[in-house]
Amino acid sequence: MKRAGMAWLRRYRGWAIAGLIGLWIALAAPPGEVALRLGPDTEGPWPRFRIEPPSPRPGDEVTLEVRDRVPWAHILLTVNGAPAALQRIEDQPELGTWRWVWRFRMPDGPVQVAFYRDCHLGCQLRGRMALGEAEPAPSSSPLPTKLGLVFPHPDRDWKGRSGWAVELTYAQLGEDRDWGIDALAARVARHEAKGLRVLVRVDYDRGQTLPPAGDMEGLLRYLRYLERLARDDRLQGVYAYFLGSGPNDASSNRMAPDRPITPAWYARILIGYGESPLRVDHAVAVIRMANPRARVLVGPVRPWVRDQDGERRYRVDVPWLNYFHTLVAYIDESARSKGAMGVWKPGPDGFALHVPGRPEAARAAGYPEAEEPLRDLRGPEGARMGFRALYDWLEIINAYPSTRGRPVYITSSNTYAPDEKIPPAHNYPPGWLTAAWSVVAQEPQVEAFCWFLDADPQWEDFSLWWGKGRLRDAAAEFEALLTRAP
């Protein structure tokens, strides 16, 4: 019996080895995914790849063919995260396969090609391959820092730090070349390659941060987009999503100014406030069901804006704090009622905050403008002015059981006060960013401190990258702070 077994093994050892290799590939790759680094003509598991020229060099025009046995719909091919141009689709009935052909120009350095299916629901990875030499592993991991930027410039040097990037997408512009999901995924891939952690702001449309109050069709469209984002394999590394920005500001309600985003409506979108605790047509449930690892944040309310008030008065009776106080109360009420029904992680994971400075307030009080973040300045009604409005937000968050101690992320900060409207290029005092950083560095509840913004041609008076006017000093301070301990 032993001799017969050895004879069988010698006779069929080639097939046995092939079977073991196939089994190893099946176990090593996640379900539905094939990961390859084999060469220009891959005849391994499905899907199968073929490239021309076989060994492309940077700058070469490359034609890449993908064949599979399933006629996938809504397919996409990305090259280092950016979509490639689809040339043609062919049915090959004689082979029982389908064939897709893309064209792209070979980038410099290592190249990752990924083939996705079902992108109308959130792209699912079907297969991928690597071209060129593998990128060497970094000698050390980037050191995390709280510092971050809205729209970081692609060429920014983060000096070995893992900072934060804030990005934006619109539910109503899901296929837009600049603000849609593919553009977002390409930017996220670029940030992740630099070691950044990404926070994504999800707006409903331009000029309308969330669906107008009572618009149930708009709510469903928004929730479908959130689900698509959460499902998309390209976006699994996103650190957190936050819903809209400045819902209390009339400029964020331009589609339907007669139906503003009230605290009750915001809480309805976020967590199903006012509905049965078991309903799942709200953002927290939709995102958690699509991706249990995804974090959901409450979007920032804008300080010193009087366009909307709140039903539940805060101890400092001003519209923006009343609005936020009411919103957090509704969120807490909903989270606790869902928790009592056994709902897993019923509330948001934290809060995005808008914390702008007000250098003029320090000067008016007799202090140097750069010291404004260090001074507890108060307006006539008792609300904090300047950067220390951070503590008004924190006091409200920490006043409720389900939100107490939740992390906060400053997703927008600079020296532009909404009611003064002087851009940082004209009012930034040297040393302000350093002073604000000293406050943030000592506050454990603050996870991120992001300047608005780094690079966007429409916002030159706010841009660190271009450093217009007084922003030269802010840009130099940001560079210096990156080298400090986080």
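Because the structure is predicted, anything quoted here is derived from the model rather than measured.

Reading guide: rules and limits
- Numbers given for residues are sequential positions, taken from 1 along each chain in its written order.
- Only residues with pLDDT of at least 70 get local features here, since the model is predicted, and only at 80 or more are side-chain atom pairs given and counted; chain-wide, interface and lining totals rely on the full set of residues.
- With hydrogens and water excluded, all non-hydrogen atoms of the structure serve as input to the side-chain values.
- Each helix is a run of H or I in the DSSP string that is no shorter than four residues. Each strand is a run of E no shorter than two, and both are numbered from the N terminus.
- In this scheme, a residue with accessible area under 20% of its type's maximum is buried, one over 50% is exposed, and one in between is partly exposed, where area comes from a 1.4 Å probe on protein chains only.
- Contacts between residues were defined by any pair of non-hydrogen atoms, one from each residue, lying within 4.5 Å.
- All accessible areas in this document rest on Shrake-Rupley with a 1.4 Å probe, and a residue is counted as covered only by the protein chains that are shown.
- An axis is simply a line fitted to the C-alpha atoms; with a helix, the fit covers only the stretch in contact. Between two such axes, the angle follows the N-to-C directions and lies from 0 to 180 degrees.
- These descriptions rest on fixed angle ranges, namely under 35 degrees for roughly parallel, over 145 for roughly antiparallel, 65 to 115 for roughly perpendicular, and the rest for oblique.
- Here a crossing is called left-handed whenever its near helix is offset anticlockwise from the far helix by less than a right angle, and right-handed whenever the offset is clockwise.
- Gly falls in the polar group here, along with every residue not listed as nonpolar (Ala, Val, Leu, Ile, Met, Phe, Trp, Tyr, Cys, Pro) or charged (Asp, Glu, Lys, Arg).
- In this description, strands pair whenever DSSP reports at least two bridges between them.
- Any carboxyl oxygen of Asp or Glu that lies within 4 Å of a side-chain nitrogen of Lys or Arg is treated as forming a salt bridge with it.
- We define a polar contact as two N or O atoms separated by no more than 3.5 Å, with the added condition that, inside protein, one atom must be a possible hydrogen donor and the other a possible acceptor, whereas residues neighbouring each other in sequence contribute only through side-chain atom pairs.
- The span you would expect from a helix comes to 1.5 Å times its residue count less one.
- Note on terminology: disulfide denotes any pair of cysteine sulfur atoms within 2.5 Å.
- Look down the strands so they point away from you; if the path from the first strand over the helix to the second goes clockwise, the crossover is right-handed.
- Stacked, tilted and edge-to-face are the three classes assigned to paired rings of Phe, Tyr and Trp, where Trp is represented by its six-membered ring and a pair needs centres within 6.5 Å; plane angles under 30 degrees give stacked, over 60 edge-to-face, the rest tilted.
- The rule for a charge over a ring is simple: NZ of Lys or CZ of Arg within 6 Å of the ring centre, and within 35 degrees of the ring normal.

Q: I'm lost on the overall build of the chain in this one. Help?
A: Looking only at helices and strands, one finds 11 helices and 19 strands in the chain. Sorting the 486 residues of the chain into buried and exposed places 53% on the buried side. When contacts within the chain are restricted to residue pairs at least 6 apart in sequence, long-range pairs at least 24 apart make up 67% of them. Carbon and sulfur atoms make up 53% of the accessible area of the chain, which totals about 22000 Å².

Q: I keep staring at the packing of helix α3 (residues 216–231) against helix α5 (residues 283–290) and nothing clicks. Help me out?
A: Helix packing for two helices is described by the angle between their axes and how far apart those axes are. Contact pair α3 / α5: the axes reach a minimum separation of 8 Å and the direction vectors enclose 30°. On the basis of the axis angle, α3 is roughly parallel to α5. Seen from above, α3 lies across α5 with right-handed handedness. Between α3 and α5, the contacting residues are Leu223, Leu226, Glu227, Ala230 and Arg231 on the first element and Ala283, Val286, Ile287 and Ala290 on the second. Of the residues that constitute the contact of α3 with α5, the class distribution is seven nonpolar, no polar and two charged.

Q: Which parts of the structure should I look at to understand the sheet that holds strand β3 (residues 61–68)?
A: What links the strands of a sheet is backbone hydrogen bonding, and the strands pair in either a parallel or an antiparallel sense. The four strands lie next to each other as β2-β3-β7-β6, forming an open sheet whose pairing is antiparallel. Each end of this open sheet is capped by a strand with a single partner; those strands are β2 (48–52) and β6 (85–92). Mean inter-strand twist for the sheet, computed between neighbouring axes without regard to direction, equals 20°. As paired elements, β3 and strand β7 (residues 97–105) share eight bridges and run antiparallel to each other. For Val66, the partnering residue across the bridge sits in β7 and is Trp100.

Q: Can you help me understand the pattern of salt bridges in this one?
A: Pairs may arise between side chains of opposite charge once their charged atoms sit close together. Applying the stated rule across the entire model yields 40 salt bridges. Measuring nitrogen to oxygen at the nearest pair gives 3.5 Å for the salt bridge that ties Arg268 to Glu275. What you see here is one network of salt bridges that share partners, running through Arg315, Asp376, Arg378, Arg384, Arg388, Asp392 and Glu395.

Q: I keep staring at the sheet that holds strand β19 (residues 446–451) and nothing clicks. Help me out?
A: Taking strand neighbours around the barrel as the criterion, the eight strands line up as β10-β11-β12-β13-β14-β15-β18-β19 in a closed arrangement whose pairing is parallel. When the angles between neighbouring strand axes are averaged without regard to direction, this sheet yields 30°. Both strand β18 (residues 408–413) and β19 contribute to a ladder of four bridges, which runs parallel. Counterpart to Val408 in the pairing with β19 is Val446.

Q: Which parts of the structure should I look at to understand the side chain of Arg156?
A: If you trace the backbone, Arg156 turns up in the loop between β10 (143–150) and β11 (161–170). Side-chain polar atoms of Arg156 contact the side chain of Glu479, separated by 2.9 Å. Those residues within four positions of Arg156 in sequence are excluded, and the remaining contacts are Leu149, Lys194, Asp454, Leu464, Trp465, Phe478 and Glu479.

Q: Looking at this structure, I do not really get helix α6 (residues 319–340). What am I missing?
A: Residues lying three or four places apart along an α-helix face the same way, a consequence of the helix completing one turn every 3.6 residues. Between the first and last C-alpha of α6 there are 32 Å, a value that for 22 residues agrees with the 32 Å anticipated at 1.5 Å per step. Burial of α6 is extensive: 17 of the 22 residues sit out of reach of the surface. Of the residues flanking the end of α6, it is Gly342, one or two places downstream, whose phi is positive at about 85°.

Q: Can you walk me through the state of the cysteines in this structure?
A: Put plainly, a disulfide is one covalent bond tying together the sulfur atoms of two cysteines. In the structure shown here, the tally under the stated rule is one disulfide. The disulfide partner of Cys119 is Cys123, and the gap between their sulfur atoms is 1.9 Å. Between Cys119 and Cys123, the S-S torsion sits near 120°, and that sign places the bridge as right-handed.

Q: Could you clarify how one ought to interpret the pairing of strand β12 (residues 197–203) in this entry?
A: Each regular strand shows side chains that alternate between the opposite faces of the sheet. Counting buried positions along β12 gives five out of seven residues, so the element sits mostly inside the fold. Where β11 meets β12, seven bridges bridge the pair, whose relative direction is parallel. Within β12, the position partnered with Val166 by the bridge is Leu199. Viewed along the sheet, the connection from β11 through helix α2 (residues 181–193) into β12 turns out right-handed. Across four bridges, β12 lies against strand β13 (residues 240–243) in parallel orientation.

Q: Explain the pairing of β13 here, please?
A: Taking every second residue as pointing to the same face, both faces of β13 are buried, with Ala240 and Phe242 on one and Tyr241 and Leu243 on the other. Taking the sense of rotation as the criterion, the β-α-β connection linking β12, α3 and β13 turns out right-handed.

Q: Looking at this model, I keep getting lost on the packing of aromatic side chains. Mind explaining?
A: Aromatic ring pairs are defined here through the distance separating the ring centres and the angle between the ring planes. Tallying each qualifying case throughout the model produces 20 aromatic pairs. The interplanar angle of 85° and the centroid separation of 5.8 Å between the aromatic rings of Tyr170 and Trp179 together place this pair among those described as edge-to-face. Across the pair, exposure class does not vary: Tyr170 and Trp179 are buried alike. Among the aromatic residues, ring-to-ring pairing joins Phe387, Tyr428, Trp432, Phe449 and Trp451 into one connected group. Stacked on the ring of Tyr116, the Lys or Arg Arg234 has its end atom at 5.9 Å from the ring centre. Sitting above the plane of the Trp304 ring, Arg358 keeps its charged end 4.3 Å from the centroid.

Q: Looking at this structure, I do not really get unusual backbone geometry. What am I missing?
A: In this structure, the amide linkage connecting Trp46 to the following residue, Pro47, adopts the cis form with an omega of -5°. Structurally, the position occupied by Pro47 is in the loop between β1 (35–36) and β2. Put simply, Phe452 and Leu453 share a cis peptide bond, and its omega is -5°. In the Ramachandran plot, Asn80 falls in the positive-phi region, its phi being about 50° despite a non-glycine side chain. Of note, Asn80 is situated in the loop between β4 (76–79) and β5 (82–83). Its identity is not glycine, yet Lys421 carries a phi of approximately 60°, on the positive side. Here Lys421 is to be found in the loop between β18 and α9 (424–427). A residue is classified by how much of its surface remains accessible, and Lys421, at 56% relative accessible area, is exposed.

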